[in-house]
Structures are given as C-alpha cells and as structure tokens.
Amino acid sequence: MPVNRNALIRYKTIDKCLRNRLRKWTLEKLIEEVSDALYEYEGIAKGISRRTIQADIQMMRSDKLGYNAPIIIIDKKYYTYDDPNYSITQIPISEQDLGRMNEAIEVLKQFKGFSHFANLGEVVNKLEDHAYATSNNIQPVIDFEKNEQLRGLEYLDVLYNAVINKKPLRITYQSFTAHQASGFPFHIWWLKEFKNRWFAVGTKNEKRNYPLTLALDRILSVQPEEGVEYVDSNGLTPDVYYKDIIGVTVSPNMRTKEVLIQVNRDNAPYVETKPLHQSQTVIEQNEDGIVIRLKVQLNYELEKEILGFGEGMTVLAPDALKGRLYHRMKTAVEKYKTEVEATRIKELKGLSLTRDV
C-alpha cells in the first residue's frame, strides 16, 4: 500500500512520541504533536483531526504496512508501546520490499553522469548499502542495455544543464562524412537516446531555428557561447517532432507514407507485441503471417529495422522503399556470394594439396 508524505510524517511523529516513555501520551497530546510536525515540515496550519490520528494508530497496529506496532492503552487513556524497544524505523525489510528496492536502484543508476542528479547518486549509494547489508546474495532483477565505452557521454552533463538553464553553446563537431571538424553556436532543446546512442537536438540558426540533430559521439568539444541570446524551440516538443518516424532522423519537408509489410508467421507474434511504430496496425492475417500498416517517413532507421528481420519481412508498398531495400539486399548478397565462393576455392585447393601429399 503506497504511503503519502503527510501520512509518513504522522506515523513517524506518533512513533517518536510512543518511544518517549518519560511522558504520558493522551490522544489529545498526540494530535498536538502531529499537528506541530505537519506545520513544521509541510506548512499545514489547519491541524489534524481526532479521527485521523485514531485511524493512523489502527494502521500502525495492522500488518498492512508491515509495522504490526504493539500499541496499547494504559488506564483507558494513555498510549504507549507494549515493547519499550519497538520502533517502526527498526522493522526488518521484507524480501518483497528488498526486491523492489533493488529494482528501483537499477532504474535510478541510469541517471549517473548528470551532475543535476548528484544528490540522487548519494541516495542510490545509501540504498545499495542498505540492500547489501540486508542480503549479500542479491541478483539483479533488471538489466538495462548500456555501453559505457561510447564516445561523447562526457558531454551529457553540460548539455543537460544547457537545456535546463537555456544557455547557448559552441559545439565543435565532425560528422562521419565531413573531412574536417567545424565549430558553430548551438541552442540545445532536448537530449534524445535511441538504440543506446545519445543525440542533442536544437538549432544553430538564430533566424530560421530549424531542428538539427547532433550525435554525441561526433562532438569534439563543448564550450559556453557568450554574447548570444538563447533560441528556444518555439513550442516544439519531442512527442510532436518524432511522431511520424522510427529513430531520430526527421526530414522537415518529407511527407509520411503508408508502408505495408508482410511479416512471416515466425516473426508475427514478436511484431504484434512490440510494434515497430505507434501507428502500426494489423490489416490482414493470412497463411503466411500478417500484413501490418505504418504511417511514417521513409528514413534510414526504418530501412534498418526492416532489414534486421531478414527474410521475416517483405515490404509490399510503397515502391520506392521496396526498390531501395532490393538494391541494398542485392548488394549484400553479391558480397556474400563472392566471399562464399572464395572460401570454397580455398577449401578445394587445400583438399587437393592434401591428396597430393
């Protein structure tokens, strides 16, 4: 059962009171202490009702939160713990909670590298220490795809802070096709991760401010850009920008196309449970499998996704996409054919030499 912040403050305050056996705690005194705590921590000045405190005591007594607090009433008036050593802060963590804690740790650890989450990193370390102290035989429950050797990850922090603080940067960048690097002002709008590779999206043109996507592994340096006013995205959001594509390559002047793909029977269940794109719909089921329809731009990532299924997918439309994939596969087949034939010739020569000997 989830516990909100105010309820947790109430439980901890009641616990603190009942552990103090030098005072006698009536319901009215508990209400007063809890009200003071809520005002101190949350600024709530209206106090707390008698009914709420009674419900809190019943909740602490139950096993719904795992407390099972031994709260008793003495002389039909004073509340205390039957066990003087009891505290809700000292109850052992359950196996179920331990599993959830380790799952949360694995999720939170994905944010390392961002200084904005530096304090979060300290929290994660404390959680890990507590989890290890509770059980030293813990196996990971969630394993995230990661590649910490990827170039450019060292720029994540400065790029992230530039987005938050709306600060222009000077980027030195060299694409795979460029013969040399170039430097330019860059106004970053957001960071994008795709297939475990990071990209910075923004603009370098202060007048037209059309989106530009930079791969972090092609960035050579990042410096603050002085004397330039930050250019924002003018309301453009990632959800809108990537709505009609697979991956990160968006062509502002390209219209979306209707793509029809035959998926064979072996791959159909996988594609149905993990759609290629949010627009995917199954329009036909046949003896060979299923036919799906997408409404997307015809970009490089779409081709790569389809080719990744090999013979499991056949593009039915549009013709332009069919033609491009045909030529790519034909080139690949010719290269494999050459390699296979060369290997076969070597094997035959080796067999011939063995026979001569």
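For the structure itself, look to the data block above.
Residues numbered from 1 in each chain as written. Predicted model: local features only at pLDDT ≥ 70, side-chain atom pairs only at ≥ 80, totals over all residues. Heavy atoms only, no water.

**Student:** Describe the overall build of the protein, listing the residues and the values that go with them.
**Tutor:** When you go through the protein residue by residue, the secondary structure sums to 10 helices and 11 strands. For the protein, the residues scored as buried account for 32% of the 357 residues in total. In the protein, the share of contacts with a sequence separation of at least 24, taken over all contacts with a separation of at least 6, comes to 58%. Total accessible area on the protein is roughly 23700 Å²; 50% of this is exposed by carbon and sulfur atoms. (Helix = DSSP H or I, 4+ residues; strand = E, 2+ residues; numbered from the N terminus. Buried < 20%, exposed > 50% of the residue type's maximum accessible area, 1.4 Å probe, protein only. Contact = heavy atoms within 4.5 Å. Areas by Shrake-Rupley, 256 points an atom, 1.4 Å probe, with all protein chains shown as cover.)

**Student:** Residue-level account of the packing of helix α1 (residues 5-19) against helix α2 (residues 27-42), with values.
**Tutor:** Helix packing geometry: the angle between the two helix axes and the distance between the axes. Closest axis-to-axis distance for the α1/α2 pair is 9 Å, and the angle between their directions is 135°. One finds that α1 runs oblique with respect to α2. For α1 against α2, the interelement crossing comes out right-handed. For the pair formed by α1 and α2, the contact residues are Arg5, Asn6, Ile9, Arg10, Thr13, Ile14, Cys17 and Leu18 on the first element and Leu30, Glu33, Val34, Ala37, Leu38, Tyr41 and Glu42 on the second. Along the lines of polarity and charge, the residues of the contact of α1 with α2 split into nine nonpolar, two polar and four charged. (Axes fitted to C-alpha atoms, helices over the stretch in contact; angles between N-to-C directions. Parallel < 35°, antiparallel > 145°, perpendicular 65-115°, else oblique. Left-handed = near helix turned anticlockwise from the far one by under 90°. Nonpolar A, V, L, I, M, F, W, Y, C, P; charged D, E, K, R; others polar.)

**Student:** Before we move on, can you summarise the pattern of salt bridges with the specific residues and values?
**Tutor:** Taken as a whole, this structure holds 12 salt bridges when the rule is applied. A salt bridge links Arg23 to Glu33, with the nearest nitrogen and oxygen atoms 3.9 Å apart. Placement of Arg23 in the loop between α1 and α2 and of Glu33 in helix α2 is noted, with a sequence separation of 10 residues between them. We classify Glu33 as partly exposed; its relative accessible area is 26%. A salt bridge links Lys243 to Asp244; the shortest N-O distance between them is 3.2 Å. (Salt bridge = Lys/Arg side-chain N within 4 Å of Asp/Glu carboxyl O.)

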